[in-house]
Amino acid sequence: MKKIFNSIRAKLFITLCIVVAMIISFLVIVNSVVLETLYVYSKKESSLEAFEYIKSNYSEEISEDLEKELEKIALSNNFEILIVNGEKEIFSTKGNFLSHFGTIKEVNYDVGYSIFSKGDILYSTSEITISREQDRQYGLTFIVFSGNVLDNVKVYMRMPITPIQDSVRISNQFLLILGFVTMIVGGIAILVITERFTKPIEELNDIANGMANLDFSKKYRIQDNEDEINELGRSINILSDKLEDTIYQLKLNNMELEKDIEQRSKIDEMRKQFISDVSHELKTPIALIQGYAEGLVENVITDEESKKFYSEVILDEANKMDKLVKRLLELMKLEYEERKFNDKVFDLSEVINEVIKNSKVVLKEKEIEVEFKDEGIINVYADDFYIEQVVTNYFTNAIKNVEKIKDKNLIKITVKKAKTPNKLRVSVFNTGKNIADEDLNRIWNRFYKVDSSRNRSNGGTGIGLSLVKAIMNRYNNNYGVTNKIDGVEFYFEIEEAKK
């Protein structure tokens with residue numbers, strides 16, 4: 001309800017009603033006060049002119065021409081004229097004139113008329129008196145004129161005020177009706193006219209509200225006519241476009257800033273994690289290097305064979321430390337998205353065969369049988385360097401954990417279609433013990449080893465599977481481990497190259 005009264009249409013209608021009411025009230029007041037005053041003034045002047053005419057044209061008696069002229073004056077000015085000589089009536093414009101005044105004998109012309117109540121004197125001289133009187137018999141108000149033409153000849157004129165009072169009353173009623181009709185017609189006109197103006201204003205208001213809520217999809221439809229509203233709509237459209245561009249640019253800058261902050265945070269986190277991991281993992285090799293180095297310095301051993309052994313241990317531990325640090329740095333970069341992949345199409349069979357070939361010596365020493373059914377070129381799309389690392393980590397892990405089942409150490413590599421569309425599933429199976437259920441998820445964590453009692457010569461860095469996890473997560477590919485009847489199978493998925 002409040003919104004309706006606050007609308008432009010309501011305000012225009014209320015304003016129109018107030019203006020019309022003020023104009024009508026002013027006209028009624030002027031009509032009631034001024035019109036009667038003007039009428040009285042006009043009749044006073046007319047009666048004075050008529051008196052002057054009678055005075056200048058009257059002689060001992062009234063001529064026929066004078067009588068006709070007086071009839072004309074009386075008729076045109078709505079007068080009643082009476083001329084008396086002493087107590088004798090010598091002229092009257094109406095036969096019943098004395099019925100209103102009474103008989104001449106009953107009238108005291110020096111004092112006034114007994115049939116009138118005393119009223120306001122409008123004009124008075126030594127020979128003329130004009131007053132407003134009320135007829136006692138009929139209750140009507142008249143302007144009464146009395147004047148001496150000669151010593152014994154008097155002129156009386158009577159002019160009713162009631163007609164002008166009726167006119168004022170009727171005209172006031174007409175003004176009130178006119179005002180009411182004007183309000184109705186004006187209200188309808190305002191509804192029709194303001195529709196043309198308020199509709200584009202409401203449209204502009206909707207656009208402005210949308211802009212306030214960062215919705216810049218709405219635009220003002222420019223009309224053919226060139227007016228202020230059209231110009232405002234054009235300006236709103238320009239403002240909307242500029243705001244949209246500015247906010248879009250601000251969002252881009254904000255996103256870049258957030259990325260920069262996130263990147264800095266990741267680098268800082270990576271630095272802290274790297275320091276923590278390195279300090280944790282290098283304690284043992286540093287202690288070994290320190291112990292063997294002190295033995296060499298203090299000449300604890302004297303034979304060349306023992307010195308050679310000490311030197312080889314120090315060199316082996318140093319190599320392991322170097323390998324650990326490099327792999328740990330690579331893992332950090334992968335996990336914190338610092339490393340970009342160079343994806344391309346390559347032959348997966350070639351990569352697998354190369355990994356097997358590089359491990360021939362170890363395979364021969366441990367009498368491990370490898371099964372890989374090479375069916376020719378298998379084109380995939382990824383970074384061949386990192387996929388080779390994944391295959392190598394799985395294969396190396398299988399070599400370390402393979403055990404004889406049914407009198408043979410077996411590692412089996414298979415490539416087949418994955419359930420995921422456009423993906424291949426690569427599996428590396430080795431015979432041996434199953435992984436405990438509680439360790440199936442933990443083995444992907446860095447530095448976690450299922451067999452904590454393994455010696456350092458057989459143990460790895462503990463981050464190989466963590467590298468696999470980081471690479472697969474970057475590709476958003478499935479990976480995992482499954483316990484089989486005779487061993488364990490590790491797997492990962494890779495995107496098949498488009499043919």
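Residues numbered from 1 in each chain as written. Predicted model: local features only at pLDDT ≥ 70, side-chain atom pairs only at ≥ 80, totals over all residues. Heavy atoms only, no water.

> Is there a simple way to think about the pattern of salt bridges in this case?
Should their charged atoms come close, side chains of opposite charge can pair. Within the structure shown, the criterion is met by eight salt bridges. Note that Glu-375 and Lys-373 form a salt bridge whose closest N and O atoms lie 3.9 Å from each other. For Glu-375, a relative accessible area of 62% corresponds to the exposed category. Between Arg-442 and Asp-439 there is a salt bridge, with the nearest N and O atoms lying 3.9 Å from each other. Residue class for Arg-442 comes out partly exposed when judged on its relative accessible area of 42%. A residue is classified by how much of its surface remains accessible, and Asp-439, at 9% relative accessible area, is buried. (Salt bridge = Lys/Arg side-chain N within 4 Å of Asp/Glu carboxyl O. Buried < 20%, exposed > 50% of the residue type's maximum accessible area, 1.4 Å probe, protein only.)

> When you look at the side chain of Thr-93 in this model, what are you seeing that I'm missing?
Tracing the sequence through the fold places Thr-93 in the loop between β2 (88-92) and α4 (97-101). Separated by 3.0 Å, the side chain of Thr-93 and the backbone nitrogen of Ile-81 make a polar contact. (Helix = DSSP H or I, 4+ residues; strand = E, 2+ residues; numbered from the N terminus. Polar contact = N/O pair within 3.5 Å; in protein donor to acceptor, adjacent residues only side chain to side chain.)

> Just checking my understanding: could you explain helix α12 (residues 464-475) for this structure?
An α-helical segment advances 3.6 residues per turn. Residues three or four places apart therefore align on the same side. If you check α12, its first and last C-alpha atoms are 17 Å apart, about what 12 residues at 1.5 Å a residue would give, namely 16 Å. Counted residue by residue, α12 has nine buried out of 12 residues, so it is predominantly covered. Taken residue by residue, α12 has Gly-464, Leu-465, Ser-466, Leu-467, Val-468, Ala-470, Ile-471, Met-472 and Tyr-475 as its buried positions. Following α12 by one or two positions, Asn-476 has its phi on the positive side, about 60 degrees. (Expected span 1.5 Å × (residues − 1).)

> Just checking my understanding: could you explain the sheet that holds strand β8 (residues 368-372) for this structure?
Hydrogen bonds between backbone groups are what pair the strands of a sheet, and the pairing can be parallel or antiparallel. Across the sheet, five strands lie side by side as β8-β10-β11-β13-β12; this open sheet has mixed pairing. Only two strands of the sheet have a single partner each, and these edge strands are β8 and β12 (479-483). Mean inter-strand twist for the sheet, computed between neighbouring axes without regard to direction, equals 15 degrees. Sitting on the sheet, helix α9 (residues 348-358) touches β8, β10 (409-417), β11 (423-431) and β13 (487-495), and the angle it makes with β8 is about 175 degrees. (Pairing = 2+ DSSP bridges. Axes fitted to C-alpha atoms, helices over the stretch in contact; angles between N-to-C directions. Contact = heavy atoms within 4.5 Å.)

> Can you help me understand the pairing of strand β9 (residues 379-382) in this one?
Remember that side chains alternate between the two faces of the sheet whenever the strand is regular. Burial of the side chains of β9 is restricted to one face: Val-380 and Ala-382 are buried, whereas none of Asn-379 and Tyr-381 on the reverse face is. Note: strand β7 (residues 344-347) against β9, four bridges, orientation antiparallel. Bridge assignment links Val-345 to a residue of β9, and that residue is Tyr-381.

> It is not clear to me how the side chain of Asn-172 should be interpreted in this structure. Could you clarify?
As for its position among the elements, Asn-172 is in helix α5 (residues 162-212). Apart from the residues within four sequence positions on either side, Asn-172 is in contact with Val-28, Asn-31 and Ser-32.

> Even after reading the chapter, I still don't get the nonpolar core, so can you show me in this structure?
Within soluble globular proteins, side chains that are nonpolar generally end up buried alongside one another. Counting 43 residues, the largest nonpolar core has Ile-387, Tyr-394, Phe-490, Phe-492 and Ile-494 as its most contacted members. Counting residues per element, the ones that place at least two in this core are α9, β8, β9, α11 (384-401), β10, β11, α12 and β13. In terms of residue count, α11 provides more of this core than any other element does, eight residues in total. Listed in part, the 27 residues of the second largest apolar core include Ile-83, Ile-130, Met-157 and Ile-161. (Core = buried A, V, L, I, M, F, W, Y, C linked by side-chain atoms within 4.5 Å.)

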